[in-house]
Amino acid sequence: MMTLQVNGRAHQVDADPDTPLLYVLRDELELNAAKFGCGLGQCGSCTVIVDGNAVLSCVTPLLLLEGKQVTTLEGLGTIEAPSPIQRAFMEEQAAQCGYCIAGMMMRAQALLRKNSKPTDEQIRAELEPHLCRCGTHMRILRAVHRAARLMQTADASTGQRSVR
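Residues numbered from 1 in each chain as written. Predicted model: local features only at pLDDT ≥ 70, side-chain atom pairs only at ≥ 80, totals over all residues. Heavy atoms only, no water.

Draft legend 1. Examining unusual backbone geometry more closely. The phi dihedral of Glu-30 falls on the positive side, at around 55°, and the residue is not glycine. Among the structural elements, Glu-30 can be located in the loop between helix H1 (21-28) and strand E3 (47-50). Residue Glu-30 is classed as exposed on the basis of its relative accessible area, which comes to 62%. A positive phi is found at Asp-51, a non-glycine position, where the angle reads about 50°. Overall, Asp-51 belongs to the partly exposed group, its relative accessible area being 45%. (Helix = DSSP H or I, 4+ residues; strand = E, 2+ residues; numbered from the N terminus. Buried < 20%, exposed > 50% of the residue type's maximum accessible area, 1.4 Å probe, protein only.)

Draft legend 2. The arrangement of helix H3 (residues 101-114) in detail. Given a rise of 1.5 Å per residue, 14 residues ought to cover 20 Å, and the 20 Å separating the end C-alpha atoms of H3 matches this to within 8%. Burial analysis of H3 places twelve of its 14 residues in the buried class, the great majority of the element. For H3, the full list of buried residues reads Ile-101, Ala-102, Gly-103, Met-104, Met-105, Met-106, Arg-107, Ala-108, Gln-109, Ala-110, Leu-111 and Leu-112. (Expected span 1.5 Å × (residues − 1).)

Draft legend 3. Molecular detail of the side chain of Gln-86. Relative to the helices and strands, Gln-86 is located in helix H2 (residues 84-91). Overall, Gln-86 belongs to the buried group, its relative accessible area being 12%.

Draft legend 4. The nonpolar core, seen in detail. Ile-85, Phe-89, Met-104, Leu-112, Ile-140 and Val-144 are the most contacted members of the largest nonpolar core, which has 29 residues in total. Mapped by element, the contributors of at least two residues to this core are H2, H3, helix H4 (120-127) and helix H5 (137-158). No other element matches H3, which puts nine residues into this core. The residues touching Val-144, leaving out its near neighbours within four places in the chain, are Phe-89, Ala-108, Leu-112, Ile-123 and Leu-127. Core analysis: the second largest hydrophobic core is formed by 20 residues, Val-24, Cys-46, Val-50 and Val-55 among them. (Core = buried A, V, L, I, M, F, W, Y, C linked by side-chain atoms within 4.5 Å. Contact = heavy atoms within 4.5 Å.)

Draft legend 5. Up close: the state of the cysteines. Summed over all chains, the structure comprises zero disulfides. Summary of cysteine pairing: Cys-38 is not part of a disulfide, and the nearest cysteine sulfur, belonging to Cys-43, is at 3.9 Å. The exposure class assigned to Cys-38 is partly exposed, which follows from its relative accessible area of 27%. Cysteine Cys-46 shares no disulfide, and the gap to the nearest cysteine sulfur, in Cys-58, comes to 3.7 Å. Look at Cys-46 and you get buried, because its relative accessible area is 3%. (Disulfide = S-S within 2.5 Å.)

Draft legend 6. Structural context of the side chain of Ser-45. Secondary-structure assignment places Ser-45 in the loop between H1 and E3. When residues no more than four places from it in sequence are discounted, the contact partners of Ser-45 are Ala-33, Ala-34, Lys-35, Gly-37, Tyr-99, Cys-100, Gly-103 and His-130.

Draft legend 7. Broad picture of the packing of H3 against H4. Where H3 meets H4, the closest approach of the two axes is 10 Å, and the angle between their N-to-C directions is 130°. Relative to H4, the element H3 lies oblique. Where H3 crosses over H4, the two elements pack in a sense that is right-handed. On H4, the residues that touch Met-104, Arg-107, Ala-108 and Leu-111 of H3 are Gln-122, Ile-123, Glu-126 and Leu-127. Looking at the contact of H3 with H4 residue by residue, the class counts come to five nonpolar, one polar and two charged. (Axes fitted to C-alpha atoms, helices over the stretch in contact; angles between N-to-C directions. Parallel < 35°, antiparallel > 145°, perpendicular 65-115°, else oblique. Left-handed = near helix turned anticlockwise from the far one by under 90°. Nonpolar A, V, L, I, M, F, W, Y, C, P; charged D, E, K, R; others polar.)

In structure tokens form, the structure reads like this:
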């Protein structure tokens, strides 16, 4: 039995320490935004944030997560109050099939927490591990830039800084 910190809550998990995080998120915690794509860490559909860094949950065993904070897309916002990244992706209509988009949003979130004004090249480099065949790549770029502006506006109104 181990304690897993997910989206700000402690969860008691009774799973083999070698179990990939993705399976626990989906099967035990019923957090379904992270998707099983390839199971090999090659497509990015399973991306979550662990201690501020984008991580492929399908190849990350639970034993590496003791004492770490895991954030999934569900932990960023709600339908009623979407986070800036969620809002931006909706406003730019950046998702088409939706399979890879949660992972892209999580990787973009991690990027924007480290770099509040990324260039197109930096965004492309950060999202490069994601396989997407939908053809909304320009909308995704616009969504990340919009999210950056939304985060800066939100941070300015609360007096906080976005970059951590």
